[in-house]
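Architecture at a glance
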Amino acid sequence: MGTIYHIPRDIDAPTPLFFWTVVEVIIAICFVGFGLLMGSLGIGLLLGIGILSVSKHMHNDSAKRGEAQHLMWRFGLKIDKSMNWFPPALRMEFIE
């Protein structure tokens, strides 16, 4: 008879750097570096901290599936091909 092994669900998860993945930290550092290049370190730091806090919320259990795609669509970025048949969010008409 074979031995039963328990394989964790997150065995292939990326190695975190503090509370975030390496990709998220690199994106935040890019925003801080962009702020340094533009001569406004404060805005770069705010954008970097904002990116890290949003990514922390996205990884939280309370975040719904597809929330990142919805936010990108809401800001007018049509990255997800399946949402191409929706009109751009900035041109939506609201009926009162």
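The subject of this paragraph is the packing of helix 1 (residues 22-38) against helix 2 (residues 41-59). To characterise two packed helices, one gives the angle between the axes of the helices and the distance between these axes. Between helix 1 and helix 2, the shortest axis-to-axis distance is 6 Å and the interhelical angle comes to 165°. Compared by their axis directions, helix 1 and helix 2 come out roughly antiparallel. As helix 1 packs across helix 2, the resulting crossing turns out to be right-handed. Seen from helix 1, the contacting residues are Glu-24, Val-25, Ile-27, Ala-28, Phe-31, Val-32, Gly-35 and Leu-36; seen from helix 2, they are Leu-41, Gly-44, Leu-45, Leu-47, Gly-48, Ile-51, Leu-52, Ser-55 and His-59. Of the residues that constitute the contact of helix 1 with helix 2, the class distribution is 11 nonpolar, 5 polar and 1 charged.

Moving on, we get to helix 2. With 19 residues, helix 2 extends 27 Å from end C-alpha to end C-alpha; this agrees with the ideal 27 Å at 1.5 Å per step. Within the sequence span of helix 2, burial applies to Gly-44, Gly-48, Leu-52 and Ser-55. End-on, the buried residues of helix 2 take up no more than an arc of 65°, which puts them together on one face. Set apart from the buried face of helix 2 by more than 90 degrees, the exposed residues are Ile-43, Leu-46 and Ile-49.

Time to look at the side chain of Ser-55. Of note, Ser-55 is situated in helix 2. What makes Ser-55 buried here is its relative accessible area of 10%. Reaching out from Ser-55, the side chain makes a polar contact with the backbone oxygen of Leu-52 at a distance of 2.9 Å. Excluding residues that lie within four positions of it along the chain, Ser-55 makes contacts with Trp-20 and Glu-24.

Cut-off values and rules
Residues numbered from 1 in each chain as written. Predicted model: local features only at pLDDT ≥ 70, side-chain atom pairs only at ≥ 80, totals over all residues. Heavy atoms only, no water. Axes fitted to C-alpha atoms, helices over the stretch in contact; angles between N-to-C directions. Helix = DSSP H or I, 4+ residues; strand = E, 2+ residues; numbered from the N terminus. Parallel < 35°, antiparallel > 145°, perpendicular 65-115°, else oblique. Left-handed = near helix turned anticlockwise from the far one by under 90°. Contact = heavy atoms within 4.5 Å. Nonpolar A, V, L, I, M, F, W, Y, C, P; charged D, E, K, R; others polar. Expected span 1.5 Å × (residues − 1). Buried < 20%, exposed > 50% of the residue type's maximum accessible area, 1.4 Å probe, protein only. Arc of directions from axis to C-beta. Polar contact = N/O pair within 3.5 Å; in protein donor to acceptor, adjacent residues only side chain to side chain.

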